[in-house]
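Report on the structure
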Amino acid sequence: MIGYYVHHQGSGHLHRARSIAAHCPFTVTGLSSLPAPDDWPGPWMRLPRDDDGDPSAFGDVTAGGRLHWAPVLHTGLRGRMARIAEWIAATSPTLLVSDVSVEVALLARLLGTPTAVVAMRGERTDPAHRTAYDLAALLLAPWPSTLPEPGWPRHWEAKTVHTGAFSRFDGRPPALLDDDSDGAHTRRVLLLMGSGGSDISTGEVEAARAASPGWRWVTLGGPDGRWSTDPWPALCTADVVVTHAGQNALAECAAARRPAVVLPQERPFGEQAATGRALARGRLAVVAPRWPKADDWAALLERARAYGGERWSRWAPGDGAARAARALADAARQVQPS
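Residues numbered from 1 in each chain as written. Predicted model: local features only at pLDDT ≥ 70, side-chain atom pairs only at ≥ 80, totals over all residues. Heavy atoms only, no water.

Before going further, it helps to examine unusual backbone geometry. In the segment running from Asp99 into Val100, the intervening peptide bond is cis, with an omega of -15 degrees. Here Val100 shows up in the loop between strand 4 (95-99) and helix 3 (102-110). Phi is positive for Ala63, which is not a glycine, with a value near 50 degrees. Looking at where Ala63 falls in the secondary structure, it is placed in the loop between strand 3 (44-46) and helix 2 (75-91). Positive phi values are uncommon outside glycine, yet Phe269 reaches one of about 65 degrees. (Helix = DSSP H or I, 4+ residues; strand = E, 2+ residues; numbered from the N terminus.)

Here it is in structure tokens:
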């Protein structure tokens, strides 16, 4: 039995968990504040939220900088930790995956359960991240070993499995482009915005659209874009994808092998900025540090189109979820009692 903690912010953690669980030879129990997805292959335990209520009453959520999120006297936090502890006591899992919570990883290890932590790029040398990464039996890095995260300690590198990026769309046949009614192909831009927040305003998008004649913009996600549970057709039929540097969005763009303009967003610990630097080092996409001026968009789109999308094979080889599942299974077997 493996437990898999899925953070409820955004959708990337859940998509990653679903991809891994589908390949895992062990029973995987999901632990999350999110509802169970329809295709989850094992049990699922719904946890109380730990971020609801009046923020002014949360107290010192970092416990003096040693943790990331532990609101003081919060009923939801107490309840979720108690449920996880009860589940560990009842089922004796051989491994718990944290994607991601320092506190859940620490709780599991204090209860004698080995942990695997899904690693993230950016500055992770703060005390809380160091604790989680140091105590983990395994670190899963969903990026290629050829583009490592600089500055990691050797003992982190020694227990890291670089899976490459992976997504729910790996192995799915490309969607076909519908012919335009007039017989001409209009170049298409897909602006792919996540559900975890965005720095981009409606006015900036409209200005970019107006400054790039000959391109038709479609927006998925964000406050003003329509949402699709299946963005695969839109990804496959885009001439250029414009997206943030979140792990899931990039993995889906890479699976479709589409040219991209990547705009890292402000995130804790500089995660997306670090991902953008890795993409630039590998010359996998056009990376801009901030939303470009309207007049720059036409040239940026042409530059991305000239890059093409085949370089994404370096980032997402197509079997990353299977690699991750094998690594978890190997870690679980190593700690099983004889």
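Across the sheet, 5 strands lie side by side as 9-8-10-11-12; this open sheet has parallel pairing. Edge strands, defined here as strands with exactly one partner in the open sheet, are strand 9 (215-220) and strand 12 (286-287). (Pairing = 2+ DSSP bridges.)

Moving on: the packing of helix 1 (residues 12-23) against helix 12 (residues 320-335). With their axes 8 Å apart at the nearest point, helix 1 and helix 12 run at an angle of 65 degrees to one another. Comparing their axes, helix 12 and helix 1 come out roughly perpendicular. Where helix 1 crosses over helix 12, the handedness of that crossing is right-handed. Touching Ser19, Ile20 and His23 of helix 1 are Ala321, Ala322, Ala324, Ala325 and Leu328, all from helix 12. Class assignment of the residues belonging to the contact of helix 1 with helix 12 gives a composition of 6 nonpolar, 2 polar and no charged. (Axes fitted to C-alpha atoms, helices over the stretch in contact; angles between N-to-C directions. Parallel < 35°, antiparallel > 145°, perpendicular 65-115°, else oblique. Left-handed = near helix turned anticlockwise from the far one by under 90°. Contact = heavy atoms within 4.5 Å. Nonpolar A, V, L, I, M, F, W, Y, C, P; charged D, E, K, R; others polar.)

A word on the packing of helix 3 against helix 4 (residues 127-135). For the pair helix 3 and helix 4, the least separation of the axes is 9 Å and the interaxial angle reads 45 degrees. Judged on the interaxial angle alone, helix 4 and helix 3 are oblique. When the axes of helix 3 and helix 4 are compared, the crossing they make is left-handed. For the pair helix 3 and helix 4, the contacting residues are Val102, Ala105, Leu106 and Arg109 in the first and Ala128, His129, Thr131, Ala132 and Leu135 in the second.

Now for the sheet that holds strand 4. Sheet strands line up and pair through hydrogen bonds in the backbone, either parallel or antiparallel. The 7 strands lie next to each other as 3-2-1-4-5-6-7, forming an open sheet whose pairing is parallel. This sheet does not close on itself; its edge strands, each paired only once, are strand 3 and strand 7 (160-162). Averaged over all adjacent pairs, the angle separating strand axes in this sheet is 20 degrees, with direction ignored. The sheet contact formed by strand 5 (residues 115-118) and strand 6 (residues 138-141) spans 3 bridges and is parallel.

Turning next to the environment of Cys236. Note that Cys236 resides in helix 7 (residues 232-236). Along the backbone, Cys236 and Ala331 are 95 residues apart, and their C-alpha atoms lie at a distance of 36 Å. Ignoring sequence-local partners within four residues, the contact set of Cys236 consists of Pro174, Ala175, Ala256 and Arg258.

Right, let's get into the pairing of strand 10 (residues 240-243). Covered by surrounding structure in strand 10 are Val240 and Val242 together with Val241 and Thr243, the residues of both alternating faces. Note: strand 8 (residues 187-192) against strand 10, 4 bridges, orientation parallel. Within the sheet, the bridge partner assigned to Leu192 lies in strand 10 and is Thr243. Direction of pairing for strand 10 relative to strand 11 (residues 260-262): parallel, over a ladder of 3 bridges. Paired with Val242 across the strands is Val261, a residue of strand 11. As for the winding sense of the linkage, the β-α-β connection from strand 10 through helix 8 (residues 247-256) to strand 11 is right-handed. (Buried < 20%, exposed > 50% of the residue type's maximum accessible area, 1.4 Å probe, protein only. Right-handed = clockwise from strand over helix to strand, strands pointing away.)

Bringing the pattern of salt bridges into the picture now. Enumeration according to the criterion identifies 12 salt bridges in this entry. A salt bridge links Asp39 to Arg18; the shortest N-O distance between them is 2.9 Å. With a gap of 21 residues between them, Asp39 in the loop between strand 2 (28-32) and strand 3 and Arg18 in helix 1 connect regions that are remote in the sequence. (Salt bridge = Lys/Arg side-chain N within 4 Å of Asp/Glu carboxyl O.)

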